[in-house]
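Coordinate inspection notes
Listed below are the residues making up each chain.
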Amino acid sequence: MRTLLNVIWLLFAGIWLALGYAVAGVICCVLIVTIPFGIASFRIAAYALWPFGRTVVRDPDAGVFSLFGNIIWCLVAGIWLAIGHVVTSIPLFVSIVGIPLGVANLKMVPVSLLPLGARIEDA
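Only a predicted model underlies this, so the values are computations on that prediction, with no experimental measurement involved.

Thresholds, definitions, all that
- Residues numbered from 1 in each chain as written.
- Predicted model: local features only at pLDDT ≥ 70, side-chain atom pairs only at ≥ 80, totals over all residues.
- Heavy atoms only, no water.
- Core = buried A, V, L, I, M, F, W, Y, C linked by side-chain atoms within 4.5 Å.
- Buried < 20%, exposed > 50% of the residue type's maximum accessible area, 1.4 Å probe, protein only.
- Helix = DSSP H or I, 4+ residues; strand = E, 2+ residues; numbered from the N terminus.
- Contact = heavy atoms within 4.5 Å.
- Disulfide = S-S within 2.5 Å.

**Side note on the nonpolar core**
Among the nonpolar cores identified, the biggest contains 26 residues, and Trp-9, Tyr-21, Ala-48, Phe-52, Trp-73 and Leu-101 are the most heavily contacted of them. Those elements that place two or more of their residues in this core are helix 1 (2-30), helix 2 (35-49), helix 3 (64-94) and helix 4 (99-107). For this core, the element with the highest residue contribution is helix 1, accounting for nine residues. Ignoring anything within four residues of it in the chain, the contact list for Leu-101 reads Leu-5, Ile-8, Trp-9, Phe-52 and Leu-92.

**What to know about the state of the cysteines**
All told, the structure shown has zero disulfides when counted by the stated rule. The cysteine Cys-28 is free of any disulfide, with Cys-29 supplying the nearest cysteine sulfur at 7.0 Å.

Have a look at this one:
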């Protein structure tokens, strides 16, 4: 079932969301200071391509730099990626088949806003 949902996800939402994260990652990797943001963005892009069967786990010992980095990320790119998730989830909720995909899309909003200090693990 996970594979079927992942294939449907890839066709209807995954490619566009992963492309947005990849663009944000490339922009962040241009400057030396924002390379950690770029790495986190590429990690989430891979998660956005194939999300079912994986989960996001927060690291409680991430530290203060993670907090400040997440604030900067949220202001620069995170809010736009979160809006992309919400906008993409609306048409998915319209069809019955797309409801689980819309729910998964909304579950990705917190990691799009606060990517530093989060790990993506297999469920």
